[in-house]
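Close look at the chain arrangement
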Amino acid sequence: MSYWYTKSGPQDDIAVSTRIRLARNINGIPFPSKMTDSQFEFVNENVRKAIFESNTPFAKTLKFIRMDDIPEIERFSMVERHIISSRFANDYEHRAIIISEDESVCIMLGEEDHIRIQIVMAGLQLEKAYDIAESIDSLLCGSLDLAFDERIGFLTECPTNLGTGLRASVMLHLPILESNGEIASLSDSISKIGLTVRGMYGEGTKALASLYQISNQITLGISEKNAIDNLKVIALQLIQKEKNYREHINRIKAEDVCMRALGVLKNARILDSNEMMTELSEIKLGISMGIINCNVLPIQLLIEGQPYMIMRKSGNIDPQERDIKRANMLREALKDVG
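In this report, the structure presented in the accompanying data block is examined. As a convention, each chain's residues are numbered from 1 in the sequence order in which they are written. Given that this is a predicted model, residues contribute local features only at a pLDDT of at least 70 and side-chain atom pairs are listed and counted only at 80 or more, while totals for whole chains, interfaces and linings are drawn from all residues. Water and hydrogen atoms were dropped before computing side-chain values, which therefore reflect all heavy atoms in the structure.

1. Digging into the overall build of the protein
Convention followed: Labels follow the DSSP assignment, with helices taken as runs of H or I lasting at least four residues and strands as runs of E lasting at least two, numbered in each case from the N terminus. Each residue's exposure class comes from its accessible area (1.4 Å probe, protein chains only) as a fraction of the maximum for that residue type: buried when under 20%, exposed when over 50%, partly exposed otherwise. Here a residue-residue contact requires only that any non-hydrogen atoms of the pair lie within 4.5 Å. Exposure was quantified through the Shrake-Rupley algorithm and a 1.4 Å probe, taking into account, for residues, occlusion by the shown protein chains and nothing else.
On a plain count of helices and strands, the protein comes out with 12 helices and 10 strands. Overall, the C-alpha framework of the protein stretches about 65 × 45 × 35 Å when taken along its three principal axes. In the protein, buried positions account for 51% of the 338 residues. The contacts of the protein with a sequence gap of at least 6 include a subset with a gap of at least 24, amounting to 71%. Here the protein displays about 15200 Å² of accessible surface, and carbon together with sulfur accounts for 49% of that area.

2. Re the pattern of salt bridges
Spelled out, the test is: Salt-bridge detection follows one rule: a side-chain nitrogen of Lys or Arg within 4 Å of a carboxyl oxygen of Asp or Glu.
As enumerated under the stated definition, the model contains 21 salt bridges in all. Across the salt bridge formed by E45 and R66, the nearest N and O atoms sit 3.1 Å from each other. Placement of E45 in helix α1 (residues 37-52) and of R66 in strand β2 (residues 62-66) is noted, with a sequence separation of 21 residues between them. According to the relative accessible area criterion, R66 is partly exposed, its value standing at 27%. Between K335 and E332 there is a salt bridge, and its shortest N-O distance comes to 2.8 Å. Residue class for K335 comes out partly exposed when judged on its relative accessible area of 49%. Note on E332: relative accessible area 48%, which makes it partly exposed. Among the ionic contacts, a cluster of salt bridges with common partners joins R87, E111, E112, D113 and R116.

3. A word on a negative patch on the surface
What counts, and what does not: Patch building starts from residues that exceed 30% relative accessible area and form no salt bridge, then joins like charges within 9 Å and nonpolar side chains (Val, Leu, Ile, Met, Phe, Trp, Tyr) within 5 Å. Residues scored as positive are Lys and Arg, those scored as negative are Asp and Glu, and His as well as the terminal groups of each chain are ignored. By convention, the charge on Lys lies at NZ, on Arg at CZ, on Asp at CG and on Glu at CD.
A cluster of like negative charges, contributed by D37, D68, D69, D91 and E93, occupies part of the molecular surface. Mapped onto the elements of the fold, D91 is located in the loop between α3 (86-90) and β3 (96-100). On the accessibility criterion, D91 (41% relative accessible area) is partly exposed.

Everything listed is a geometric property; what it means functionally is a separate question.
In structure tokens form, the structure reads like this:
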């Protein structure tokens, strides 16, 4: 199966992924934090019917899954694949998802809002991802009585999502900007134009492997197109700035760091996830600079080496066994890389 993180995309030497998320709610039903079991069922069934009874070719590529039917390891491995939120993986009872086979489309039913339409794609693909999300939104708007105010826009549980209900983000690999200590000032600068910098798994998470999510903060009084255009402009500026820095760093030092990282991963017998991410970040940098010749995508290895992803294949094993499995996986994947 070809998932988003196994594919290449525009600007993916630095732009790892694009995510578009739209929050929607159904009129007359409390928000999920106050919903009864029967109300969850009402939302699940009405959204399911709106999608699958539309008889559109797109609907035939999706499947409806109740979260109660998904084992714990699979739920949390979906978080590691950036398919569902950690909140949704924990508060899963009576909830459901509508998901595409490649997991680039996932509609969460009963997360913070009744409906969370999410599109994830490799590289910088904001317009394409939004077009897919908008087509799903149009389908739902035509079938459901969605909570909408003429002055405010779409109504959401969290006031910060009022208006468009849009959260657009791009995950960027910024190791040189990070090593130069520029992330804090960058965050301050872009916050003034309605954008924010977050960690690898979104709000409240740390940056790992020099991966940073750049996303819009403003959803009220701005159109979806303007929000996406603003984000794309800043993302392209950051990409270019990172590239410019890469062209002027000490080549020998860069080669030393990248090749040492490769040596660790090709020889380690025990490897925890933090060390793996640090070394894969250096290898990704080395590939983009032509220091390392590798056909394997570092982001694929980074995701497949996460704890629940390891247990997805190997069962509910203890942390040390995971570290051994992870080391074996990395050695095998990189054995022919030089």
